[in-house]
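Listed below are the residues making up each chain.
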Amino acid sequence: MTVHQPPGGQPLRSIDALVEAGLTALARREALQEVAERYAVSVTSAVAGLIDPNDAADPIARQFIPDAAELTTLPQELVDPIGDDAHSPVEGVVHRYPDRALLKLVHACPVYCRFCFRREMVGPGGDALTGQKLDAALAYLASHPEIWEVIMTGGDPFILSARRVREVAKRLAGIPHIKVARWHTRVPVVDPGRITPDYARALRIPGKASYIAIHANHPREFTDDARAAIATLADAGHVLLSQSVLLKGVNADIETLGALMRAFVENRIKPYYLHHPDLAPGTSHFRLTLEEGQALVKSLRGNLSGLCQPTYILDIPGGAGKIPVGPAFLSGCETPGAEAVAEDRHGGQHVYPPA
């Protein structure tokens, strides 16, 4: 079967379009149509070109092509799994932690990940944060001097034009207590043609440290075009961080996970967060146990460079915040005066004396 690229580089936004492109079977159309009526669908030409339609377990397809399993919602799954709404003082702002806040500039994305924790809230047709809504969001940020970092998210803020990005950057530059600006995006890997030198410059906010967190989950996402887009951002002076989700059938094995972390580092992206999948509706087929995740992350230590070690994170359901849930290599030290036992990467046990 041959994948037919979307005409004119336009994303595939319907089940019929995915069938026509050879990315899903006609026999699945009816079941997948029900999924598409509930959750947004979009596959860019860059992503479509990565999918092997002859591989039923293709890890790229698993991330972006709808699956009938999404119609199964478990009792523990939540519409707002990380509790954004409870910490949203004004529209577009989430202020969960004292020194940082999210600024959700858009509700749309170039692609829609099938495991997205905001899947009930994002999609085409969602209003961008503009006009009085943007004014109110920025006024909130300006009125809270404890906010040291602002994280631009959505949706994907990189779907905004360079002109709109410059407008937001100029207004954030005028808030003196904000010192760090961070953008979260999937665009450099799923729609790399959007990243031009001009766009990379537009993202810089005068007087602020600039960070970009790039979301990728599989080493195959680092195409030549994606690598060029990432280099454009790095060469423009942005510090690059990674965001990944540990996903069954995508990267939940040591070879793939290790190759993904090395791909980040090779492209000047420091591995940052590896998320345990959130309890979003219809995503149970992606989740593994925390114990399985800890074992995988533990296997990275000592076998891959220290540069390749992400922090394994659980976002506590309901809005209590993120916590590191990585594996323990030290035991016994919880007892005052007792010797600790350190475990090396081969499983060897070593006694370490108390202070």
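Predicted model only: the values in this text are computed from it and were never measured.

Caption draft 1: Spatial organisation of the environment of histidine 218. Mapping histidine 218 onto the fold places it in the loop between strand S5 (209-215) and helix H9 (224-235). The class for histidine 218 is buried, based on a relative accessible area of 9%. For the pair formed by histidine 218 and leucine 246, sequence separation is 28 residues and the distance between their alpha carbons is 10.0 Å. Contacts of histidine 218, omitting those with residues within four sequence positions, involve Pro59, Ile60, Gln63, Val250, Thr256 and Leu260. Here arginine 220 takes part through its backbone nitrogen, which lies 3.1 Å from a polar atom of the side chain of histidine 218.

Caption draft 2: Quick look at helix H6 (residues 162-173). Taking 1.5 Å per residue as the helical rise, H6 with its 12 residues ought to reach 16 Å, and the 16 Å between its terminal C-alpha atoms agrees with that figure. Next to the buried residues of H6 lie strand S2 (100-104), helix H5 (131-142), strand S3 (149-153), strand S4 (180-185) and helix H8 (197-202).

Caption draft 3: Here's a closer look at the sheet that holds strand S12 (residues 349-352). As summarised here, the arrangement of the three strands in space is S10-S11-S12, forming an open sheet in which the pairing is antiparallel. The open sheet has two edge strands, strand S10 (330-331) and S12, and neither has a second partner. Sheet topology places S10 next to strand S11 (residues 340-343); two bridges connect them, and they run antiparallel. Across the sheet, the residue bridging to leucine 330 is alanine 342, located in S11.

Caption draft 4: Layout of the packing of aromatic side chains. Taken as a whole, this structure holds five aromatic pairs when the rule is applied. Note on phenylalanine 158 and tyrosine 199: the rings are 5.6 Å apart at their centroids and 70° apart in plane angle, and the pair reads as edge-to-face. With phenylalanine 158 in the loop between S3 and H6 and tyrosine 199 in helix H8, this residue pair connects regions lying 41 residues apart in the sequence. The buried category is assigned to phenylalanine 158, whose relative accessible area is 0%. On the basis of relative accessibility, which here comes to 3%, the residue tyrosine 199 falls in the buried class.

Caption draft 5: Structural context of the sheet that holds strand S9 (residues 321-324). Pairing in this open sheet of nine strands is mixed, and the strands run S1-S2-S3-S4-S5-S6-S7-S8-S9 from one edge to the other. Two strands in the sheet have a free side with no partner beyond their single neighbour: strand S1 (93-97) and S9. On average, adjacent strands in this sheet sit at an angle of 25° to one another, irrespective of strand direction. Summarising the sheet, strand S6 (residues 239-245) and strand S7 (residues 269-275) pair through five bridges and their orientation is parallel.

Caption draft 6: Fine view of the side chain of histidine 276. Mapping histidine 276 onto the fold places it in the loop between S7 and helix H11 (290-300). Polar side-chain contacts of histidine 276 include one of 3.4 Å to the backbone oxygen of leucine 288. A polar contact is formed between the side chain of histidine 276 and the side chain of tyrosine 312, at a distance of 2.7 Å. For histidine 276, the residues in contact, after removing those within four places along its chain, are Leu288, Thr289, Leu290, Tyr312, Ile313 and Leu314.

Caption draft 7: View of the nonpolar core. Counting residues in each nonpolar core, the largest one holds 85 residues, and the members touching the most others are Leu103 and Leu141. Leave out the neighbours within four places in its chain, and leucine 141 touches Val93, Ala101, Leu103, Ile147, Val150, Leu172, Ile175, His177 and Ile178.

Rules behind the numbers
- Residues numbered from 1 in each chain as written.
- Predicted model: local features only at pLDDT ≥ 70, side-chain atom pairs only at ≥ 80, totals over all residues.
- Heavy atoms only, no water.
- Helix = DSSP H or I, 4+ residues; strand = E, 2+ residues; numbered from the N terminus.
- Buried < 20%, exposed > 50% of the residue type's maximum accessible area, 1.4 Å probe, protein only.
- Contact = heavy atoms within 4.5 Å.
- Polar contact = N/O pair within 3.5 Å; in protein donor to acceptor, adjacent residues only side chain to side chain.
- Expected span 1.5 Å × (residues − 1).
- Pairing = 2+ DSSP bridges.
- Phe/Tyr/Trp six-rings, centres within 6.5 Å; stacked < 30°, edge-to-face > 60°.
- Axes fitted to C-alpha atoms, helices over the stretch in contact; angles between N-to-C directions.
- Core = buried A, V, L, I, M, F, W, Y, C linked by side-chain atoms within 4.5 Å.

That's the geometry; what it means functionally is another story.
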